[in-house]
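# Structural overview for review
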Amino acid sequence: MSQPPPPTPAVTVENLTKVFKAGLGKKAFIAVRELSLQVQPGEVYGLIGPNGSGKSTTMKAILGLLSPTRGKTTVFGKSSTEVASRREVGFLPENPYFYKHLNGLETLHFYGRLCSMSGKDLQDRAREMLALTGLEDASDRRVAGYSKGMLQRLGLAQALLHRPRLIVLDEPTAGVDPAGSRKIRDLILGFKEQGITVLVTSHLLEQMQEVCDRVGIMAHGQMMREGRVDELIAVENHTELVLEDASPELLTEINRLISQDKRAKLLHQGHPRTTLERLFLEATEDPKN
Ligand SMILES: Nc1ncnc2c1ncn2[C@@H]1O[C@H](COP(=O)(O)OP(=O)(O)OP(=O)(O)O)[C@@H](O)[C@H]1O
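Small disclaimer: the values here were computed from a predicted structure and weren't measured.

Definitions and limits used
Residues numbered from 1 in each chain as written. Predicted model: local features only at pLDDT ≥ 70, side-chain atom pairs only at ≥ 80, totals over all residues. pLDDT = per-residue confidence, 0-100. Helix = DSSP H or I, 4+ residues; strand = E, 2+ residues; numbered from the N terminus. Near = placed C-beta within 6 Å. Contact = placed C-beta atoms within 7 Å. Pairing = 2+ DSSP bridges. Axes fitted to C-alpha atoms, helices over the stretch in contact; angles between N-to-C directions. UniProt positions renumbered as here; feature names shortened; annotations may be inferred.

### Some words on the confidence of the model for the chain
Predicted confidence across the chain gives a mean pLDDT of 89, with 95% of residues reaching 70 or more. Two summary scores accompany this predicted model of the complex, namely pTM at 0.84 and ipTM at 0.95.

### Thoughts on unusual backbone geometry
Negative phi values dominate among residues other than glycine, just as trans dominates among peptide bonds. If you check the backbone angles, Arg-163 has positive phi at about 55° while not being a glycine. With respect to the helices, strands and loops of the structure, Arg-163 is situated in the loop between helix 4 (148–160) and strand 7 (166–170).

### Remarks on the site of the ligand
Taken together, Phe-20, Phe-29, Ala-31, Gly-49, Asn-51, Gly-52, Ser-53, Gly-54, Lys-55, Ser-56 and Thr-57 are the residues near the ligand. If you list the elements that add at least two residues to the shell around the ligand, you get strand 2 (29–39) and helix 1 (55–62). The dominant element in the shell around the ligand, judged by the number of residues it contributes, is helix 1, at three residues.

### Some remarks on the environment of Leu-204
Mapped onto the elements of the fold, Leu-204 is located in the loop between strand 8 (197–201) and helix 6 (205–211). Note: C-alpha distance between Leu-204 and Thr-173 (31 residues apart in sequence) is 8.2 Å. Excluding residues within four positions of it along the chain, Leu-204 makes contact with Thr-173 and Ser-181.

### Things to note about the sheet that holds strand 5 (residues 78–79)
Judged by pairing direction, the sheet is antiparallel, and its four strands sit side by side in the order 2-1-4-5 without closing on themselves. A single partner strand is all that each edge strand has here, and the edge strands are strand 2 and strand 5. Sheet topology places strand 4 (residues 70–75) next to strand 5; two bridges connect them, and they run antiparallel. Residue Thr-74 lies in a different strand from strand 5, and its bridge partner there is Ser-79. Contacts from helix 1 reach strand 1 (11–20), strand 2 and strand 4, with the element oriented near 120° to strand 1.

### Some details on the UniProt feature "domain: ABC transporter" (unreviewed entry) in the chain
The positions UniProt marks with the feature "domain: ABC transporter" (unreviewed entry) are residues 11–245. The distance separating the terminal C-alpha atoms of residues 11–245 is 48 Å; by composition the span is 31% helix and 26% strand.

### Re the sheet that holds strand 7
Adjacent strands of a sheet form backbone hydrogen bonds with each other and so pair up, either parallel or antiparallel. Pairing in this open sheet of six strands is mixed, and the strands run 6-7-8-3-9-10 from one edge to the other. Each end of this open sheet is capped by a strand with a single partner; those strands are strand 6 (89–92) and strand 10 (222–228). Looking at each pair of strands side by side, their axes are set apart by 15° on average, direction ignored. Note that strand 3 (residues 44–48) and strand 8 share four bridges and pair parallel. The residue bridging Gly-46 from the neighbouring strand is Val-200, located in strand 8. Strand contacts of helix 4: strand 6 and strand 7, with the helix running at about 165° to strand 6, the strand carrying the most contacts. Helix-sheet contacts for helix 5 (residues 178–193) involve strand 3, strand 7 and strand 8, and the interaxial angle to strand 8 is about 150°.

Shown next as structure tokens:
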């Protein structure tokens with residue numbers, strides 16, 4: 001029996017190189033060098049790397065916002081150079097800009113009309129997206145008064161408005177406090193449940209670890225490591241054992257057995273630590289929520 005053909009990848013980047021030309025007498029700068037990656041439909045793929053490593057340049061090439069010097073990128077099988085490749089893509093830029101005098105609902109109506117949405121479909125979808133991103137109560141407030149976290153969530157609502165199959169998020173939690181970041185993280189996990197493909201960059205590695213299926217680690221415009229998050233972070237020859245209410249006798253017995261083993265070595269014993277993020281959230285949690 002013949003195998004069904006593999007699904008068309010949501011994103012492909014093939015040998016992408018981007019050289020920025022400098023002014024007269026200055027050296028050209030290679031922002032991305034021979035980069036290749038694929039994102040499969042339904043996957044959450046994270047691009048991580050230090051400032052200036054080429055993440056935004058890669059995303060812009062995928063979105064057709066800049067032309068590669070060499071190599072090519074596709075979205076659902078269509079070259080990023082074709083306008084049609086962007087129809088099913090939602091984009092949240094690093095610092096989304098909105099007209100300050102519009103309120104949240106008017107902002108979504110404005111963007112919806114840019115995507116040829118109109119009438120009841122746009123009205124209903126805008127309300128639905130405001131509810132999804134927790135901005136229902138702020139829908140008639142001017143965007144000028146929105147906090148950084150609210151602006152990012154409005155950006156997400158805008159990116160999702162036209163029901164894209166892929167959303168591209170550039171630093172979606174930059175400048176947002178931990179509770180707001182967590183809301184955005186939960187929204188990303190919700191997209192995944194709906195089968196929406198997500199390509200995201202962030203410096204918050206712990207959050208990337210929580211939401212991404214696979215990550216690519218970039219440095220100096222190149223891919224340094226890539227793989228499934230669980231495989232990349234597993235320390236293969238270590239075993240973790242977390243016990244609750246273990247008696248001193250039990251611990252002594254475990255230690256005795258380990259000391260008798262010819263190969264195993266106890267590297268650490270003690271109380272597991274929570275993360276600073278979790279501690280912060282617990283300490284600042286609003287009891288009403
Ligand atoms: N239009 C441009 N002209 C010249 N150089 C550029 C241009 N855009 C980006 N660069 C340079 O290319 C390199 C990669 O930039 P890019 O914005 O892709 O990095 P990044 O990984 O997204 O960084 P950050 O995490 O700070 O957003 C940087 O050194 C940047 O200065």
